[in-house]
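Read off the chains here:
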Amino acid sequence: MGSQVPGVDGMSQMTSNADFLLELRSEEIPARMQAAARSTLEALFLAETVSRGLHVGSPEDQHASISVYTTPRRLVLIARDVPLFTETTREETKGPRTSAPEQALEGFLRKTGLAKEQLTERDGVWFAVVEKPGRAAADVLAEAIPPIIRAFPWPKSQRWGAASLAPDSLRWVRPLSGIVALLGDDLIDCEVGGIRSGYATMGHRFHHHGDITIGNADDYAAKLRAAHVIVDHAEREAIVRKGAQKAAAEAGLVLVEDEGLVIENAGLTEWPVPLLGRFDEAFLEVPPEVIQLTARVNQKYFICRDSAGKLANAFVCTANIAAHDGGAMIVAGNRKVLAARLSDARFFWEQDRKTPLSVQAEKLARITFHEKLGSVADKVERVAKLARWLVEEGIVSSSPKRGGGPAQLVEGPVPPSPTVPHHHPADGPPPPSGEELAAQAELAARLCKADLVTEMVGEFPELQGLMGGYYARAEGLPDAVADAIRDHYKPVGQGDDVPTAPVTVAVALADKLDTLAGFFAIDEKPTGSKDPFALRRAALGVIQILLTAQVRCNLSSVFHGAITSVFRSVLDRAVAGDPNFAMYIEKVWKVQPHPSLPAAEFAARMEDFAAELGDFEIKLEPYSELALEFLRTAPAVMGSTPAALVTFFADRLKVQQREAGVRHDLIDAVFALGGEDDLVRVLARVHALQAFVTTEDGTNLLAGYKRAANILKKEGFTYSPLPVGEGYQAEPAEQALVDALDAAEPGAEAAVEAEDFTAAMAALAILRAPIDAFFESVTVNDADPAKRAGRLGLLDRFRAAVHKVADFGRIEG
Amino acid sequence: MADTANTASASLSVQDMILALHAYWGAQGCLILQPYDMRMGAGTFHPATTLRALGPSPWNAAYVQPSRRPTDGRYGENPNRLQHYYQYQVIMKPSPPDLQALYLGSLAAIGIDPLLHDIRFVEDDWESPTLGAWGLGWEVWCDGMEVTQFTYFQQMGGFDCKPVAGELTYGLERLAMYIQNVDNVYDLRFNNHGVSYGEVFLENERQMSKWNFEVADTETLFEGFRRAEVECRKALEAKVPIAAYEQAIEASHLFNLLQARGVISVQERASYMGRVRDLARGSCEGYMDRYRAEWEAKFPGWTA
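Thresholds applied
- Residues numbered from 1 in each chain as written.
- Chains lettered and ligands numbered in written order.
- Predicted model: local features only at pLDDT ≥ 70, side-chain atom pairs only at ≥ 80, totals over all residues.
- Helix = DSSP H or I, 4+ residues; strand = E, 2+ residues; numbered from the N terminus.
- Rg over C-alpha atoms; globule rule 2.2 N^0.38 Å.
- Buried ≥ 20, exposed ≤ 12 C-beta atoms within 10 Å, placed from the backbone.
- Contact = placed C-beta atoms within 7 Å.
- Nonpolar A, V, L, I, M, F, W, Y, C, P; charged D, E, K, R; others polar.
- Core = buried A, V, L, I, M, F, W, Y, C linked by C-beta atoms within 7 Å.
- pLDDT = per-residue confidence, 0-100.
- Pairing = 2+ DSSP bridges.
- Axes fitted to C-alpha atoms, helices over the stretch in contact; angles between N-to-C directions.
- Parallel < 35°, antiparallel > 145°, perpendicular 65-115°, else oblique.
- Left-handed = near helix turned anticlockwise from the far one by under 90°.

1. Some remarks on the overall build of chain B
Summing up its helical and strand segments, chain B has eight helices and nine strands in all. Its C-alpha atoms give chain B a radius of gyration of 20 Å, near enough to 19 Å, the size a compact globule of 304 residues would have. Its C-alpha atoms give chain B principal-axis dimensions of about 60 × 50 × 30 Å. Counting all 304 residues of chain B, 46% fall into the buried class. Excluding contacts between residues fewer than 6 apart, the proportion of contacts in chain B whose partners are at least 24 apart in sequence is 67%.

See below:
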């Protein structure tokens, strides 16, 4: 709390604190930039004052004494309890020893600018002590304000006015027009870019004329309120939020809440007045999402629902004035604008439905997906085949989720329950025809991008998928197909719905897998913060679908299939579009390539093919040149990319599971097994492992494993031909470990086979006592080579047994 | 206005609105210019904006510019869209400190009461890739309708604007529809003697839409484009950058017509735009070169 500075001479040493007000007035600041501007102003203010020795508020929490506000036309900071003087500082510099040669002392005096008499001697060493008296806060602030303004990092800034004749004129988000800077009642005199600080500010653009003189931080908000400006953005947000709700309620409707719109409207107004208007009911035939988007994006209006939850023919706009007529003309004007927008939307809705999606889809050939990966039509073709393949391979099926869904979590702090209880498939009802599902998946995939060329999606790209779903239903396609078209982009983030309907799962997976395979194949992988093709999001989407819908597959073979289909598609396109290329392929390719070849054979042929590709004389189309270059990389890409993708997925899985508290080292431990890339099973292993390693048995077994692994590594052990006890008498602890392994191995193996990883852990747990006892009493590195070999072999066997479940070497701790 | 605000009889006709704006901006020291006598897509293309935005000399001007957008033609059947419409353009260099207030004054001058209508400055930055130009500013909303584009030019023809010019572009038909409270552009009163906008322009829209979309000979247009390109380069070599710029305007409009004829593919589109940009930029560079020495002498310390 600020001790108010009394009287004119507020800076008297009598009072120690005062409140500071800074208002930076400008032309309208974009609403979307205001929140960041507030925190930036606070941070810059603290940095510029602290570096000058001025400490605002309590040292523990300086932020508590600072408030920042925005309106469209001002950026405001109020700091409470600013000390009027900075502390006196005492700076001590250590010099040479008193016994040091004269030159050393002279050098020190030169450096400090002091005379010998001014130095202090302590314990035989010279010290230069400089006391800096405290400075007036007013001076410090006057010095601090210009750099705050000059360094302000607006996302976009501009120059303006006569000063912009010079190249280095001040930049601000929009022209800066005034600065109010007051400490207590006193002006902090400063100047930036020709703008001098003062007491005067402006009120509302239309409700108030002339200057307003601010006395101090305390009367600032009240004086502006009297001039129709609500300085506090949070208060304006509350007015918009409550006012819009109230306007809707008075019309017997319920507002569709939208916090983004609340903030945006509060950022566009200094005196917000929510007003409700109606639009022609006939527009309600347009899908509600379209109406909402039109109202929201183009006009920043809220929409309302009726008591039954249906979209109502009403909107709420937020005016920036208390109009003389109560807002009647404003509402009438806005209604007209919305009507024009909705007529456009209705026109699109009517136009688009005149053309079936299958016809629209033909136009996708004109849209480039990626220079090397062909058109969107090419992509659609691949996605359609991949979606069908996922069904035909039984990876996606219409049987209910196997194993009863995701792992059940045990209440309380105990880690997740044993495992996903897998009972092998086929305990559900007999699935509907696989061919029917495959046909629906293929059809949905063929149509899923068709809405990209509709008028509506051209106008509102955010409606992609959704509109396709509407148009599909309107032309009478089955619901499963329409749903798949609508939802195939999902999930688009951690919070989004994850599809589980089989047709949707097939299309959503195929679309994402094709994108991943394609961009990895052309070596456009994400690096650092750059992920221009949103591949991380695609991978996360695949992971979420696999885990939620419990889709079982070996990722690397799926990737292999997807990459193969990318190459096939590029090849097909070049062959179809370029007769010279087709001739060339026929010449080079001894065995006619056919897309129906199995993946492995295709890969082998690609290898032959690439080997045969030499310099080519005939002129090719530019696209065929690209295709040729790309096809040459096929053997290398097919060899390395599936593994690279699995690694990429492992990393994504770690990120995705972090929130659920799953340890990343355990995920590594399972992936390190190699060949384990069924994410559902991976996670079941990880869950069991996480439960196990936190038990006493688990901790000790891990310790035993690490000890064994260290010894094996130190001894450079590879393979022992000699079994335990061969040529010597096995010690009891040695024999006990052998017996325990004999018992544990089949148990663990069977449990792993049955995907009951908790049971596998339990089987391994019986090794714990014998391995401890072994290390307790048996010398591995015995002088007798037979004993040494036998015991190393035994440790290796122990290590291998544990590896059935996970690579314990990757586990931390 | 105040007593009968916004009733049909009191509101300005299209031509009176233009005259009111001329009177207003003339009083603010703007030259009142006439439209440029070439076909162009927007008032910004007028050399009084594009070329005069370059260099250090002060420049204040206002004018009406007929704007041609062939692809927006609707054969006179859409109440809001036209292939030919009017922009009212104001440019003030350097941008005066009270440009927003001046602008609001112009709205008052044509009868918009800011305590009855909700006027808002909503972020909308402007960029013209073909002119190598960009600026920051707003679209100005009146009761939710965009009535003006308000821009502080930062670059023109690839050159930093030193100093910055403020540009206002009013959509005259929209504003008039607003002021006269009509829903169809063709119903606007052009004057107060019974002539509507439709009587002046409806047939024009029908015929020109047909010509733009169906009739215009594409070979002639392509040929015109190539010739304009050649002529522009010749003019630049001859150091007559204003003439070169006229050819850039010509090429830009022919490109828009080719677009309307649907003969330019998506891939070609970018390349044609690049060609127009090169012409416009080259003209701006030529203009800068032509005046550089003079400007440097007159404004010590100024550099391009």
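Additional details are given in the paragraphs that follow.
2. A few points about the overall build of chain A
When you go through chain A residue by residue, the secondary structure sums to 28 helices and 18 strands. For 813 residues, the compact-globule estimate of 2.2 N^0.38 gives 28 Å, and the C-alpha radius of gyration of chain A, at 37 Å, exceeds that figure by more than 25%. Its C-alpha atoms put chain A at 100 × 95 × 65 Å along the principal axes. Going through the 813 residues of chain A one by one, you find that 43% of them count as buried. Long-range pairs, those at least 24 residues apart, make up 71% of the contacts in chain A with a sequence separation of at least 6.

3. Overview of the interface of chain B and chain A
Across the contact, 32 residues belong to chain B and 32 residues belong to chain A. Counting only elements with at least two residues in the side of chain B that touches chain A, the list comes to strand 4 (119–123), strand 6 (133–142) and strand 7 (145–156) of chain B. Looking at the side of chain B that touches chain A element by element, the count peaks at four residues for strand 4 of chain B. Each residue belonging to the side of chain B that touches chain A can be placed in one class, and the counts come to 18 nonpolar, six polar and eight charged.

4. Re the nonpolar core
Residues and elements named next belong to chain A. V316, A387, A444, A506 and V507 are the most contacted members of the largest nonpolar core, which has 297 residues in total. Counting residues per element, this core draws most heavily on helix 15 (residues 502–521), at 13 residues. Leave out the neighbours within four places in its chain, and A387 touches A441, E442, A445, A506, V507 and A510.

5. With respect to the environment of L253(A)
Here L253(A) shows up in the loop between helix 5 (233–250) and strand 13 (254–255). C-alpha separation for the pair L253(A) and S307(A), spaced 54 residues apart in sequence, amounts to 6.3 Å.

6. Here's the deal with the confidence of the model for chain A
All names here are of chain A. For chain A, mean pLDDT is 87; residues scoring 70 or higher make up 90% of the total. Between residues 1–13, whose pLDDT stays under 50, and residues either more than four places distant or in other chains, the model counts 22 contacts. When the criterion is pLDDT under 50, residues 400–431 qualifies, and its contacts beyond four places in sequence or with other chains add up to 48 contacts.

7. Quick word on the sheet that holds strand 6 (residues 125–132) of chain A
All names here are of chain A. Read from one edge to the other, the open sheet built from three strands follows the order 4-6-5, with strand pairing classed as antiparallel. Looking at strand neighbours, the two that pair on one side only are strand 4 (89–97) and strand 5 (120–122), the edges of this open sheet. Across the sheet, the mean angle from the axis of one strand to that of its neighbour is 35°, orientation sign disregarded. Relative to strand 6, strand 5 is paired through three bridges, and the arrangement is antiparallel. Counterpart to E121 in the pairing with strand 6 is W126.

8. Section: the environment of H228(A)
Residues and elements named next belong to chain A. Summarising the element assignment, H228 is placed in the loop between helix 4 (217–226) and helix 5. For the pair H228 and M329, spaced 101 residues apart in sequence, the C-alpha separation works out to 20 Å. Beyond its immediate stretch of four places on either side in the chain, H228 contacts G203, H204, H207, H208, E270 and W271.

9. Some details on helix 27 (residues 768–777) of chain A
Among all positions in helix 27 of chain A, only R768(A), P770(A), I771(A) and F774(A) are buried. Buried residues along helix 27 of chain A sit in contact with helix 24 (696–714), helix 25 (732–753), helix 26 (757–765) and helix 28 (785–803) of chain A.

10. Thoughts on the pairing of strand 3 (residues 84–93) of chain B
Residues and elements named next belong to chain B. In terms of residue burial, strand 3 counts as a mostly covered element, since nine of its 10 residues are buried. Where strand 2 (residues 59–68) lies against strand 3, 10 bridges are found, and the strand directions are antiparallel. Its bridge partner lying in strand 3, S67 is registered against Y85. Bridge count for strand 3 against strand 9 (residues 166–171) is six bridges, and the pairing is antiparallel. When the bridges of strand 9 are listed, I91 appears paired with E167.

11. Some points on the pairing of strand 1 (residues 17–26) of chain A
All names here are of chain A. Counting buried residues in strand 1 gives eight out of 10 residues, a clear majority hidden from the surface. Here strand 1 runs beside strand 3 (residues 74–83); their pairing, made up of eight bridges, is antiparallel. Among the inter-strand pairings, F20 is bridged to a residue of strand 3, identified as A79. Here strand 1 runs beside strand 7 (residues 176–183); their pairing, made up of seven bridges, is antiparallel. When the bridges of strand 7 are listed, L21 appears paired with L182.

12. Focus: the sheet that holds strand 13 of chain A
The strands making up a sheet associate through hydrogen bonds between their backbones, and the pairing can be parallel or antiparallel. Residues and elements named next belong to chain A. Sheet architecture is open: four strands sit in the order 13-15-16-14, paired in antiparallel fashion. Of all the strands in the sheet, just strand 13 and strand 14 (273–278) have a single pairing partner and so form its edges. For strand 15 (residues 302–305) and strand 16 (residues 311–319), the ladder comprises three bridges, and the chain directions are antiparallel. Looking at the pairing, F302 lines up with V316 of strand 16. Contacts from helix 7 (residues 288–299) reach strand 15 and strand 16 within the one sheet, and its direction differs from that of strand 16 by about 5°.

13. Observations regarding unusual backbone geometry
In this structure, P491(A) follows K490(A) across a cis peptide bond, with omega equal to -10°. Despite not being glycine, K300(A) has its phi angle at roughly 65°, a positive value. Tracing the sequence through the fold places K300(A) in the loop between helix 7 and strand 15. Phi is positive for D143(B), which is not a glycine, with a value near 50°. Here D143(B) is to be found in the loop between strand 6 and strand 7.

14. Quick notes on the packing of helix 24 of chain A against helix 28 of chain A
Residues and elements named next belong to chain A. At their nearest, the axes of helix 24 and helix 28 sit 9 Å apart, and the two run at 130° to each other. Between helix 24 and helix 28, the angle falls in the class oblique. Here helix 24 runs over helix 28; the crossing is left-handed. From helix 24, Y705, A708, A709, I711 and L712 reach across to helix 28, where they touch L792, L795, D796, F798, R799 and V802. When its residues are assigned to classes, the contact of helix 24 with helix 28 shows nine nonpolar, no polar and two charged.

15. Quick word on the confidence of the model for chain B
Taken over all residues, the pLDDT of chain B has a mean of 93, while the share at 70 or more is 96%. Across the whole predicted complex the pTM is 0.75, and at the interface the ipTM reaches 0.93.

16. Some words on the packing of helix 23 (residues 679–693) of chain A against helix 26 of chain A
Angle between the axes and distance between the axes are the two parameters that describe a pair of packed helices. Residue and element names in this part refer to chain A. Close contact between helix 23 and helix 26 brings their axes to 8 Å; oriented N to C, the two are set at 40°. With respect to helix 26, the axis of helix 23 lies oblique. Helix 23 and helix 26 meet at a crossing whose hand is right-handed. Residues A684, R685, A688, A691 and F692 of helix 23 pack against F757, T758 and M761 of helix 26. Per-class residue counts for the contact of helix 23 with helix 26 are six nonpolar, one polar and one charged.

17. A word on the environment of P532(A)
Residue and element names in this part refer to chain A. Inspection of the secondary structure assignment puts P532 in the loop between helix 15 and helix 16 (535–548). Classification of P532 by C-beta neighbours within 10 Å gives exposed; the count is 8. Measuring from C-alpha to C-alpha, the distance between P532 and A506 comes to 25 Å, with 26 residues separating the pair along the chain.

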